[in-house]
Amino acid sequence: MGKTADLTTVQKMTIDTLKKEGKTQKVIAKEVGCSQSSVSKHINREAKGRKRCGRKECTSKRDKRALERIVKQNRFKNVGEIHKEWTVAGVSASRSTTHRRMQDMGFSCRIPRVKPLLNKRQRQKRLAWAQDKKDWTAAEWSKVMFSDDSKFCISFGNQGPRVWRKTGEAQNPRCLKSSVKFPQSVMVWGAMSSAAVGPLCFLRSRVNAAVYQEVLEHFMLPAADQLYGGDDFIFQHDLAPAHSAKSTSTWFKDHGIPLLDWPANSPDLNPIENLWGIVKRKMRDARPNNAEELKATIKATWALITPEECNRLVDSMPRRIAAAIQAKGAATKY
C-alpha cells in the first residue's frame, strides 16, 4: 500500500497504539494493512514532530489581518469584491485562496437575519411590558388570539444578499439586513390561538382603519367563534396606524373585546411571526406561476398547521418574555 499520506486517521491511530504495545513495524504493517515503509515513515514523523510537507503558505499574518479588516468593513461583499480589494492592498493571492483564508478565520456565508430597529424609549417600553407579563401562565396566554399580516412572494428563491459572519455573530448589527421587497406578492392577514389557526384574509388594498375593521368583522369574529366558542378571549395586534386608530378602538369597545397591550416594533414577541415562517418553509418547494396559484398554495399550507404547532408557539411566550428582560428590552431573535 502506499505512502504515509494515504494512511487514514484510523490507521495512524492504530499504528501509534501498536507501537506503544511494542509490536514490530512488520507486524504493525500486517495488522494495519499497509506497507512497512508507510509505518516507518509515520513513526519517524511522529517521533521528530514533523508535519506533512506541502507548499508554503503564500500569505502572512499581516495579510490575514488585512483581509479580516476588509471583511469586517462590509460584511455583504461577495468573494470577488473582497479578493479584488485584498489584491489592491498588495497581497498576491488567487480568488480561491482568498475564500480559504476567510474560512480559516471562521467566516461563513449565511443568509442574514432581519431585526427590528428599536430606539431607547421603545426598549424601555418593551422591558416594562415584559416585566409586567413575566408571571403570566400558559393558561392565561391560551386566552390570547394573536394576529398579524405577512407578505408572500412568488419568487421564493430570491433571499437577497448573503453576509460573511463568524459563529455567534448572527445578531451582530453589521450582519443584519432590512427586508427585501418583491414586485409579485400578496398580503395575508391571519390569527391563531394555542389551539388552532383562524381563517385567512387576503388583503387587496392598503389597510386603513375602515379596511381593517372590515377584516375584523368578516374574519376576526368568525375566527373567535371557531377558536374560543363562547369563552372570553383577549385580542392581540400590533400598533399599526389602522390598528391604533380611534375608530378601531371604538369598534373593539362596541363589540366588548378586550385588547392586549402591546409594545411597538416587537415582532419577536409575537408567535404568529414564527407561524408565518413555518408556512413559508412548507411552501419552499412550491412554484406558483401567478397570484391566484400563490393564494391557493397559501390556503392549502395554512390548513395543514396542526394544533400541536400552535400550542408549542404560544407556550414559548414565557421564554420570549424572559429573553426580552435579559436583553433589557432589546430585540431578540425569533
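Residues numbered from 1 in each chain as written. Predicted model: local features only at pLDDT ≥ 70, side-chain atom pairs only at ≥ 80, totals over all residues. Heavy atoms only, no water.

Per an unreviewed UniProt entry, the protein chain carries the name Transposase and comes from Gadus morhua.

Some remarks on the overall build of the protein chain
Operational definition: Only DSSP runs of H or I reaching four residues or more are called helices, and only runs of E reaching two or more are called strands; each is numbered from the N terminus. In what follows, a contact means two residues having at least one pair of non-hydrogen atoms within 4.5 Å. Note on areas: Shrake-Rupley with a 1.4 Å probe; residue coverage comes only from the protein chains shown. Asp and Glu count as negative and Lys and Arg as positive, but His and the ends of the chain are not part of the count. To locate a charge, take atom NZ for lysine, CZ for arginine, CG for aspartate or CD for glutamate.
A count of helices and strands for the protein chain gives 15 helices and 6 strands. Overall, the protein chain is about 90 × 50 × 45 Å in size when its C-alpha atoms are taken along their principal axes. Contacts spanning at least 24 positions in sequence make up 76% of the contacts within the protein chain whose residues lie at least 6 apart. Surface accessibility of the protein chain: about 19,700 Å² in total, with carbon and sulfur atoms responsible for 50%. When the 61 basic and 33 acidic side-chain charges of the protein chain are each reduced to a single mean position, those positions are 14 Å apart.

Observations concerning the environment of Pro-241
To be explicit about the condition: Summary of the burial criterion: residues with accessible area below 20% of their type's maximum are buried, those above 50% are exposed, and those between are partly exposed, where the area comes from a 1.4 Å probe applied to protein chains only.
Within the secondary structure layout, Pro-241 lies in helix α10 (residues 241–244). Judged by relative accessible area, which is 70%, Pro-241 ranks as exposed. Spatially, the C-alpha atom of Pro-241 lies 7.6 Å from that of Ala-209, the residues being 32 residues apart in sequence.

Observations concerning the packing of aromatic side chains
Applied cut-off: In this scheme Phe, Tyr and Trp rings, the latter by its six-membered ring, pair at centre separations within 6.5 Å, and the angle between planes marks the pair as stacked below 30 degrees, edge-to-face above 60, and tilted otherwise.
Scanning all chains against the criterion turns up 9 aromatic pairs. With centroids separated by 5.2 Å and ring planes inclined at 70°, the aromatic side chains of Trp-129 and Trp-262 adopt a geometry described as edge-to-face. Taken together, the residues Trp-129 in helix α7 (residues 120–133) and Trp-262 in the loop between α11 (246–255) and α12 (271–282) connect sequence positions 133 residues apart. Grouping residues by exposure puts Trp-129 and Trp-262 together as buried.

Let's talk about the pairing of strand β4 (residues 185–192)
Here is the rule: Strands were regarded as paired on the criterion that DSSP finds at least two bridges between them.
In terms of burial, β4 is largely enclosed, as 6 of its 8 residues are buried. Relative to β4, strand β2 (residues 144–153) is paired through 8 bridges, and the arrangement is antiparallel. Following the sheet pairing, Lys-151 is matched in β4 by Met-187. Relative to strand β5 (residues 201–203), β4 runs antiparallel, the two being bridged by 3 bridges.

Quick word on a positive patch on the surface
Rules: Patch membership is restricted to residues that have no salt bridge and whose relative accessible area is over 30%. Joining uses 9 Å for like charges and 5 Å for the nonpolar side chains Val, Leu, Ile, Met, Phe, Trp and Tyr. A carboxyl oxygen of Asp or Glu within 4 Å of a side-chain nitrogen of Lys or Arg is what we treat as a salt bridge.
On the surface, Lys-61, Arg-62, Arg-65 and Arg-69 cluster together to form a positively charged patch. Its location among the elements puts Arg-62 in helix α4 (residues 61–73). Classification of Arg-62 by relative accessible area gives exposed; the value is 65%.

A word on the nonpolar core
As a reminder of what qualifies: Here, the term nonpolar core denotes a set of buried Ala, Val, Leu, Ile, Met, Phe, Trp, Tyr and Cys residues that are joined through side-chain atoms within 4.5 Å.
Trp-141, Phe-146, Phe-152, Met-192, Leu-275 and Ile-298 are the most contacted members of the largest nonpolar core, which totals 32 residues. For this core, the secondary-structure elements that each account for two or more residues are α7, β2, β4, α12, α13 (291–303), α14 (307–314) and α15 (317–326). In terms of residues, this core owes the most to one element, α12, which gives 5 residues. If we skip the residues at most four places from it in the chain, Phe-152 touches Gln-184, Ser-185, Val-186, Val-188, Trp-276, Val-279, Lys-280, Met-283, Leu-294 and Ile-298. One finds Met-145, Leu-216, Tyr-228 and Phe-233 within the second-largest nonpolar core, a separate group that totals 19 residues.

Some remarks on the sheet that holds β4
Sheet strands associate in pairs through backbone hydrogen bonding, adopting either a parallel or an antiparallel arrangement. For clarity, the threshold we go by: Lines fitted to the C-alpha atoms define the axes, with helices restricted to the stretch that makes contact. Angles between their N-to-C directions range from 0 to 180 degrees.
One open sheet holds the 4 strands; their spatial order is β5-β4-β2-β6, and the pairing between them is mixed. Both edges of this open sheet fall to β5 and β6 (234–236), since each of them pairs with a single strand only. Shown here is a sheet whose adjacent strand axes are inclined to one another by a mean of 25°, direction ignored. This element, helix α9 (residues 209–228), spans β2, β4, β5 and β6 of the sheet and lies at about 125° to β2. Packing of α12 onto the sheet brings it into contact with β2 and β4, and relative to β2 it is tilted by some 40°.

Details of the pairing of β2
Consecutive residues of a regular strand have side chains that alternate between opposite faces of the sheet. β2 sits mainly inside the fold: 8 of its 10 residues count as buried. In this structure, β2 lies alongside β6, joined through 3 bridges in parallel fashion. Residue Val-144 lies in a different strand from β6, and its bridge partner there is Ile-234.

Concerning helix α6 (residues 95–104)
This is how it is decided: It is the directions from the helix axis to the C-beta atoms whose arc is reported.
Every buried residue of α6 is listed here: Thr-97, Thr-98, Arg-101 and Met-102. Angularly, the buried residues of α6 cover 140° about the axis, an arc narrow enough to put them on a single face. On its buried face, α6 sits against α4, α5 (79–88) and β3 (163–165). Phi turns positive one or two residues past the end of α6, at Gly-106, with a value near 100°.

So, the side chain of Arg-165
With respect to the helices, strands and loops of the structure, Arg-165 is situated in strand β3. Buried and without a salt bridge, Arg-165 has Glu-169 as its closest oppositely charged side chain, separated by 7.0 Å. Discounting residues that sit within four places of it in the chain, Arg-165 has contacts with Arg-75, Gly-106, Phe-107, Ser-108, Arg-110, Ile-111, Pro-112, Arg-113, Ala-170 and Cys-175.

Quick look at the pattern of salt bridges
Inspection of every chain in the model, using the stated rule, returns 14 salt bridges. Connected via shared salt-bridge partners are Glu-57, Lys-64, Arg-101 and Asp-104.

Overview of unusual backbone geometry
If you check the backbone angles, Asn-265 has positive phi at about 55° while not being a glycine. With respect to the secondary-structure elements, Asn-265 resides in the loop between α11 and α12. The exposure class of Asn-265 is partly exposed, given its relative accessible area of 33%.

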